[in-house]
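Now for the letters of each chain:
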Amino acid sequence: MTRIAFLGLGHMGLPMAKNLLAAGHDVVGFDVVPAAVDAASDAGVPVAQFGVDAVAGAEVVITMFPAGKHVIAAYQDGLLAAAEPGTLFIESSTIAVDEARTAHALAIEAGHRNIDAPVSGGVVGAENGTLAFMVGGSDEDFAEALPLLEVMGKRIVHCGGPGLGQAAKVCNNMILGVSQIAVAEAFVLGERLGLEHQALFDVVSQASGQCWALTTNCPVPGPVPTSPANRDYKPGFAGALMAKDLGLALQAIEGTGTEARMGRLAQEIYAAFAAGPGAARDFSGIITDIRDAS
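Residues numbered from 1 in each chain as written. Predicted model: local features only at pLDDT ≥ 70, side-chain atom pairs only at ≥ 80, totals over all residues. Heavy atoms only, no water.

A. Region of interest: the overall build of the protein chain. Within the protein chain one finds 13 helices and eight strands. Relative to the compact-globule value of 19 Å for 294 residues, the protein chain shows a C-alpha radius of gyration of 20 Å, a close match. The dimensions of the protein chain, computed from C-alpha atoms along their principal axes, are 65 × 45 × 35 Å. Long-range pairs, those at least 24 residues apart, make up 65% of the contacts in the protein chain between residues at least 6 apart in sequence. For the protein chain, the exposed surface amounts to about 13,100 Å²; the carbon and sulfur share of it is 58%. (Helix = DSSP H or I, 4+ residues; strand = E, 2+ residues; numbered from the N terminus. Rg over C-alpha atoms; globule rule 2.2 N^0.38 Å. Contact = heavy atoms within 4.5 Å. Areas by Shrake-Rupley, 256 points an atom, 1.4 Å probe, with all protein chains shown as cover.)

B. Representation of the side chain of D141. Counting through the fold element by element, D141 comes out in helix α7 (residues 139-152). Among all residues touching D141, those that are not within four sequence positions of it are L88, R113, N114 and I115.

C. Quick look at the packing of aromatic side chains. Considering all chains together, one arrives at four aromatic pairs under this definition. When the ring of Y270 is compared with that of F273, the centres are 5.9 Å apart and the planes differ by 85 degrees; the resulting orientation is edge-to-face. Residue Y270 and its partner F273 are located together in helix α12 (residues 261-274), separated by three residues, close to a single helical turn. A relative accessible area of 0% places Y270 in the buried class. A relative accessible area of 3% places F273 in the buried class. Look at Y270 and F283: their rings are 6.2 Å apart centre to centre, the planes differ by 50 degrees, and that puts the pair in the tilted class. Here Y270, found in helix α12, pairs with F283, found in the loop between α12 and α13 (286-293); they are 13 residues apart in sequence, far enough to count as distant. Considered together, Y270 and F283 belong to a single accessibility category, that of buried residues. (Phe/Tyr/Trp six-rings, centres within 6.5 Å; stacked < 30°, edge-to-face > 60°. Buried < 20%, exposed > 50% of the residue type's maximum accessible area, 1.4 Å probe, protein only.)

Okay, here's the thing in structure tokens:
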């Protein structure tokens, strides 16, 4: 049994914390949002009044925050100081690579250990314990974290040193954003050419255009019954989050001088989508904007 402080009990964090608790670990949660605290309490997850209270005495601290600025501020404003020396901090938010490296340096300077371990798989993956973790950090810290990550995820990949988990996440979500747009455009084109959705799906899902954006997150109702398109695009993974992640990809593109024209365009498209009702809809709902613009 490991004593774990889990900070950030939102749509992703709460089911992750519940899975750790169900696996027999001693979990204490914290969130600044009263509704999240209430949901955690209703789900049987003990919640501390303050983040520093949750961290005190913990062997492992997992953070799942909205943005890098929140991670760095929390580290600087008491979390690192409240933790026992040598505590392992697992940073599972999706943040910029340089922010992950800053968080790592702060933790090391304070006498702790740190890995970045962003996730892929959405709320369903968090609930089912089937997330993918992309991990950056030392071999030793990865090995210590692995049993906990395996409770919450199905595929865990050690990507290299500090920040490289976030690097893998940025690259993955850039591919996802580009491919989701491509699949949506193909279905709109198929509609205009007279193709039935099912016919197009049956061809492409078994041909060279096959991809996750099609076979799991199909943007039209019908062919994939579990896709958000069959629930009026209730997220899974909201358009606002895809816009955020593509913004991080754009930072990385510009910081490295990479050409990445498709990544830049995907960021522009999803930023516009998230500026309206798309912010709260699944990111596969981008098909509605594509239809309207055509």
